[in-house]
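For reference, the chains in residue letters:
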Amino acid sequence: MDVNSIREDFPTLRGDNVPAYLDNACVTLKPDCVINSINDYYTKYPGCGGRSVHRYGTAVSKGVADSRRSIASFLNASSVNEVVFTKNATQSINQIAHGMKWSKGDVVLTTDREHNSNLVPWLQLEQEQGIDHRVVASNEDNTFDLEAFEEVCSEVGDKLKLVSMSHVGNLDGVSTPIKEIAKISHDHGALIAVDGAQSLPHMNVDVQDLDIDFIAFSIHKMCGPSGMGGLWGRFDLLDDLRTIQSGGQTVVTTHYDSLQWAKPPARFEGGLGNFSGMIAAGVAIEYLAKQDMDAVHQHEIKLNKIMTAGVKDLNGIEIIGPEDARLRGGICSLLMHDLPAHDMAILLDEAANVMVRSGQHCVHSWFNAKGHVNGSLRASAYMYNTEEEAKLFSDTLEEIVNAFS
Ligand SMILES: Cc1ncc(COP(=O)(O)O)c(C=O)c1O
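The structure contained in this document is the topic of the report that follows. Given the structure is predicted, the values throughout are model-derived calculations rather than measurements. (Residues numbered from 1 in each chain as written. Predicted model: local features only at pLDDT ≥ 70, side-chain atom pairs only at ≥ 80, totals over all residues. Heavy atoms only, no water.)

### A few points about unusual backbone geometry
Note the cis peptide between Pro264 and Pro265, where omega equals 0°. Relative to the helices and strands, Pro265 resides in the loop between β10 (258-261) and α10 (275-289). Despite not being glycine, Asn17 shows a phi value in the positive range, around 55°. Position of Asn17 relative to the elements: it lies in the loop between α1 (3-8) and β1 (20-21). Given the relative accessible area of 66%, Asn17 is considered exposed. For Cys362, which is not glycine, the phi dihedral falls at a positive 60°. (Helix = DSSP H or I, 4+ residues; strand = E, 2+ residues; numbered from the N terminus. Buried < 20%, exposed > 50% of the residue type's maximum accessible area, 1.4 Å probe, protein only.)

### Let's talk about the pattern of salt bridges
Using the criterion set out here, one finds 21 salt bridges in the structure. Residues Asp187 and Lys183 are paired through a salt bridge, measuring 2.8 Å at the closest nitrogen-oxygen approach. Separated by four residues within a single helix, Asp187 and Lys183 lie in helix α7 (residues 178-187), roughly one turn from each other. A salt bridge links Asp324 to Arg326; its shortest N-O distance comes to 2.7 Å. (Salt bridge = Lys/Arg side-chain N within 4 Å of Asp/Glu carboxyl O.)

### Focus: the packing of aromatic side chains
Going through the model one piece at a time under the given rule, you end up with eight aromatic pairs. When the ring of Tyr41 is compared with that of Tyr45, the centres are 5.9 Å apart and the planes differ by 90°; the resulting orientation is edge-to-face. Of the two residues, Tyr41 and Tyr45, neither departs from the other in class, the shared state being buried. Between Trp102 and Trp122, the ring centres sit 6.1 Å apart and the planes meet at 75°, which makes this aromatic pair edge-to-face. Highlighted residues: Trp102 in the loop between α4 (89-99) and β3 (107-111) and Trp122 in helix α5 (residues 120-129), separated in sequence by 20 residues. With relative accessibility at 12%, the residue Trp102 sits in the buried group. (Phe/Tyr/Trp six-rings, centres within 6.5 Å; stacked < 30°, edge-to-face > 60°.)

### Focus on the layout of surface pockets
Within this model, the largest pocket holds a volume of roughly 300 Å³. Lining the largest pocket are 23 residues, and of these His115, Ser117, Asn170, Ala197 and Lys221 lie nearest its centre. Grouping the constituent residues of the lining of the largest pocket by class yields six nonpolar, 11 polar and six charged. Inspection of the lining of the largest pocket shows a minimum of three residues originating in each of domain 1 (3-30 + 292-404) and domain 2 (34-289). (1 Å grid on protein atoms, 1.4 Å probe; cavity = no way out; pocket = protein on both sides within 12 Å on 5 of 7 lines; lining within 4 Å. Points joined across faces, edges and corners; volume = space filled by probe spheres on them. Nonpolar A, V, L, I, M, F, W, Y, C, P; charged D, E, K, R; others polar. Domains from an automatic or database assignment.)

### Considerations on the sheet that holds strand β8 (residues 229-233)
The mixed open sheet is built from seven strands, whose spatial order is β2-β8-β7-β6-β5-β3-β4. Both outer strands of the open sheet, β2 (83-86) and β4 (132-136), are each paired with one neighbouring strand and no more. When strand polarity is set aside, the average angle formed by the axes of neighbouring strands in this sheet is 20°. As defined by bridge partners, strand β6 (residues 191-195) adjoins strand β7 (residues 214-218) across three bridges and the pair is classed as parallel. Across the sheet, Ala193 pairs through a bridge with Phe214, a residue of β7. Contacting β2, β7 and β8, helix α3 (residues 55-75) crosses the sheet at an angle of about 115° to β2. (Pairing = 2+ DSSP bridges. Axes fitted to C-alpha atoms, helices over the stretch in contact; angles between N-to-C directions. Contact = heavy atoms within 4.5 Å.)

Dropping the structure here:
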C-alpha cells in the first residue's frame, strides 16, 4: 500500500500545516474524486433522478444506478436491489427496527458495547411496543463471549427474533465474530442485523460469506459525503419491511383510497434524494474498491501498535479493550479516569496539530455501566495516516499527561 500516493488524493493532506487527522472512526477525509463528483452534479447536471427523463434527469438516474451497482459489488450483494441509500447508519438501523413487525415479548439481542444508534431504536421499541431488549455481556477485555451468547440464545428460545450487533465497536475497535454469530442466530430461528459502520471502511466484508440478513453502514466513514449511509438486506427480507418514510418514489401507483407499494429499494427512498451524495457515494466506494482492504486493515494495526506502545504505560491512562493492537484494528481508545479528556483533545490539536475524539462516543451505556463518566480519548487511524503521525500522537499525549500529573 502506497500511503504517500494515497495522501496525494486528499486536499486536506496536501500543502502546509497538514493535521494528523486521527478521528476517522467519526468521519473520514474526502478524496478529490468525491469532491469533484459532488461539484459535477451541481455544476453540470443538477436534475432529479428516477423521474425526469430530460438529459439532466437521465444523467442523475444513471449516476445513482452506477453508484448502487458499485456498493452492491463492494459488499458482494446478490442484487443491486438489495442496496438502499439512507442518510446514515442510524437511519438504516431505524429502518430495520421500525420496519419489522413485532409482537409483545419478542427478543432483540445486542452486545454491551453498542453505539446509541444500535441501542436506542431497541429501547424505543421496548417502551412503545413491549419488545424485550437484552444485552449479551462481553468478556472482561471487551472481546465477544460466544459461549455467553449461545447460552442467552438458548435461554430466550423461540422468542428470539433478532440479533443486532456491531461488527467492530467504535468504543474500542474490538470486532465480533459475525460469521459465527450469524450461524448461531439462524440456528435459533432469529435474523441477524449487523452494524457495519466501523467494519466496512476498514476490511473486506462479504455479506453472502458472512451469511447475514442486514447490514447498516456510514458512507461518510468511507471517504464518502456527509449525510450519506446505506442499508443492505436480503431481498426477501427487505420486501417484507414496512417503510419508515412513505411518499413520492415509494409507490408504483396510488388511487384516492389505495396504493401499490414499490419494490425495494425504491420503497425506502421516499422523497427527492440527496443525488449528489448518492452519486459521490459510488465514487467513494470505487475509490475504496481500488485499495487492497486487507492491506488497509494491516496498515491500521501497524499504526495502532505504535500508538499503543507509546501510551500503554502512561500514568492514569488505560486502554479500552485488549492491549494487543491486532484485536483493536485502527482504534486506540484510552480511558482517562481523572484526566480531562476534552481539554487534552484540544491541547493535542492546538499544540501538535493532532485531531482525535474525546468523550463517550455515543456509547454512554458502556461508560455508565462501568462508572467511567469522564469518557475516553480516542485516536482512530485510516489508510492515509502515517507512522510519524501515530508517533506524534503518543509522544504528544505523553508530554500532556506528564504536564497534568
Ligand atoms: C459503530 C457505530 N454505529 C453506528 C454509528 C452511527 O453512524 P451514523 O452517524 O452514520 O448514523 C456510528 C458512528 O460513529 C458507529 O461508530
